Amino acid sequence: MTATDKNFLTTSSKSTKVIGSVALAAGALTLIFGLIVAPPHIEQGQSARLLFVHVPSVIATYLSYFITLVGSAIYLRKKSLFWDRVAGASAEVGSVFCAVLLFSGSVWGRPTWGTFWVWDPRLTSTAVMFVSYLGYLAIRRMDMEPAARRRRSAIVGILAFVNVIIVHFSVDWWRGLHQSRTFEPSDVQIEGWYLLSFFFGTVFFVSTQAWLLIHRFRLSHLESQANAAKLDQLIDLRQSGDLGSAQTREKVV
Amino acid sequence: MFEGWEFVTAGYGFTFLVLAVFGYLTVRKGKRISREVPPSKRRFLD
Amino acid sequence: MFSDVRAVVRKDFLIEKRVGILKGRVLPLGLAILLVFGFAIPPDLAILGSERLVLSQIGPGLFWVSNFFVIIYLLDRSFSLEAEDGCLQRLVTDGVDGVAFFFGKLVAVFLGVSAVQAVLAVAAIIMFDIPADRIGLLLIVGLVGSLALAATGTVFSALVVGAGSNQGLMALLLTPAVVPVLLGAVRLTEIATDMSNDLSSSGWILLLLALTALYTGVGIFTFDSLLED
């Protein structure tokens, strides 16, 4: 095995290493500035620090699901495998961020509102959005002819984005407990160490998202290549008349 | 006023742990699966 | 076009006549679900200062949730029949296009749900002691709500039709999508059954109609390609 062969035995590359380094650095800075440098909030105390991961996780979730929308739409027009995989990988990554968003919001809500969960429009619609995308990931794995499955997944990938719009505007449409959008010219001013911590948090989440997206994309590409390779092997075995032995079959599958 | 560290710890801990574990599992699976793919088809679309 | 729609509806109607799934299984299931809800909430529980028992106040919600369970089962039946023995291919070779098929299924599902719902509504009104003086309004709410349910359900059922094993998958996709439909239908029913409330909240009706239009559009747009799969 040569050195170049070895490089391909992984989903990482030069570009992901750069993005990964940025993510690690931004993650460290988020921890330093968010947990140590930034002072506790006048009203919310220490728990306000959770917003430095909560708000960026919202951005990463929205961005991921938006990429899924774009990938699905382009797939329906061009039928390109590339965009189908981008859409799927982005929904996987987005759902991880959505779990982080729900959890960080929940532990922030306990000291602030006195409860982990309230049936507020934004929380409820976020939970619905999360489940919708789990449904999207499930339909991507449904047992069906691949081209038909990809087309139907793309339709669901577009429909699911309605949830993101509902989540985003829920604070305006219905009155609830959740505070309005954080980055909005309102009476709440974010400045100084808080702004800096938000900045590092956002860089951390967005770079992590890009890193994960590229890796998940390559993984799904490799998975389909591996399946195709297995199929080829089985066909070869069948042609050589060797498929009868269970041992050879087991070796391949 | 100065309490709430337990929630901060839980939130940050969960966040970083979940992202790290997800990233680690992705890379590990990628390494495992690329062995099953013939070298000629191992390149990505980048 | 219209004859194709009628043919699809007639086909489902004949199947129902022969097999009797609606009255034999779907309706009993709906009644059983209503009963189970009745057990979950203590029958004499009341909120201080309120004249009506809790069961009566949340009755509209329980009614629509049981409707939703019923429609999942009904859709599963209705669309798994299409996938069996090459039914869909036969429709395509007979020249039925996707739009006609969509409207045929939508009408059949809507009629089925409405029929079951009518019986469930009477049962819920009696068992949960829901005030039902505004019968006309309740009728409109019921029809608009079940139309929205049927449109949403038809689209998502078609998306998984033909999958090797799709049990649970359709329900997983449909449940989050149906949340706004249920929300609107429940609020409207609460307004219609709460005597003290005025009827100014037309926004929910608009929401249900808009969702019906949205999913009808999606159905028209996608069913042709789904039939080709």
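Our structure is the block above this text.
Criteria and thresholds
Residues numbered from 1 in each chain as written. Chains lettered and ligands numbered in written order. Predicted model: local features only at pLDDT ≥ 70, side-chain atom pairs only at ≥ 80, totals over all residues. Heavy atoms only, no water. Contact = heavy atoms within 4.5 Å. Buried area = accessible area lost by both parts, 1.4 Å probe. Salt bridge = Lys/Arg side-chain N within 4 Å of Asp/Glu carboxyl O. Polar contact = N/O pair within 3.5 Å; in protein donor to acceptor, adjacent residues only side chain to side chain. Nonpolar A, V, L, I, M, F, W, Y, C, P; charged D, E, K, R; others polar. Helix = DSSP H or I, 4+ residues; strand = E, 2+ residues; numbered from the N terminus. Buried < 20%, exposed > 50% of the residue type's maximum accessible area, 1.4 Å probe, protein only.

1. Re the interface of chain B and chain A
1) Next: Chain B puts 35 residues into the contact, and the matching count from chain A is 49 residues.
2) Next: The contact between chain B and chain A buries some 4,000 Å² in all, and 77% of this surface belongs to carbon and sulfur atoms.
3) Next: Counting across the interface, chain B meets chain A through 2 salt bridges.
4) Next: Residue Lys 29 of chain B is joined to Glu 223 of chain A by a salt bridge in which the shortest nitrogen-to-oxygen separation is 2.9 Å.
5) Next: At the junction of chain B with chain A, the criterion picks out 3 residue pairs in polar contact (both at pLDDT 80 or more).
6) Next: Broken down by class, the residue content of the side of chain B that touches chain A amounts to 19 nonpolar, 7 polar and 9 charged.

2. Considerations on the interface of chain C and chain A
1) Next: Contacts between the two partners involve 21 residues from chain C and, on the opposite side, 18 residues from chain A.
2) Next: Taken together, both faces of the contact between chain C and chain A bury some 1,600 Å²; the carbon and sulfur share is 73%.
3) Next: Where chain C packs against chain A, one counts 3 residue pairs in polar contact (both at pLDDT 80 or more).
4) Next: Elements supplying a minimum of two residues to the side of chain C that touches chain A: helix H7 (135–160), helix H8 (169–193) and helix H9 (203–228) of chain C.
5) Next: The element that contributes the greatest number of residues to the side of chain C that touches chain A is H9 of chain C, accounting for 6 residues.
6) Next: Counted by class, the side of chain C that touches chain A contains 15 nonpolar, 5 polar and 1 charged residues.

3. Considering the environment of Asp 120 of chain A
Residues and elements named next belong to chain A.
1) Next: By the secondary structure assignment, Asp 120 is in the loop between helix H4 (81–113) and helix H5 (121–140).
2) Next: With relative accessibility at 4%, the residue Asp 120 sits in the buried group.
3) Next: Considering only alpha carbons, one finds Asp 120 and His 178, 58 residues apart in sequence, at a separation of 6.9 Å.
4) Next: Within the local environment of Asp 120, its side chain forms a polar contact with the backbone nitrogen of Leu 123, the two atoms lying 3.2 Å apart.

4. Some thoughts on the pattern of salt bridges
1) Next: Considering all chains together, one arrives at 10 salt bridges over all chains under this definition.
2) Next: Here Glu 92 of chain A and Arg 216 of chain A are joined by a salt bridge, their closest N and O atoms 2.8 Å apart. Within this pair, whereas Glu 92 of chain A is found in helix H4, its partner Arg 216 of chain A is found in helix H8 (residues 193–239), the two being separated by 124 residues in sequence.
3) Next: A relative accessible area of 14% places Arg 216 of chain A in the buried class.
4) Next: Salt bridges here are not isolated pairs; linked through shared partners, they connect Lys 11, Asp 12, Glu 82 and Lys 105 of chain C.

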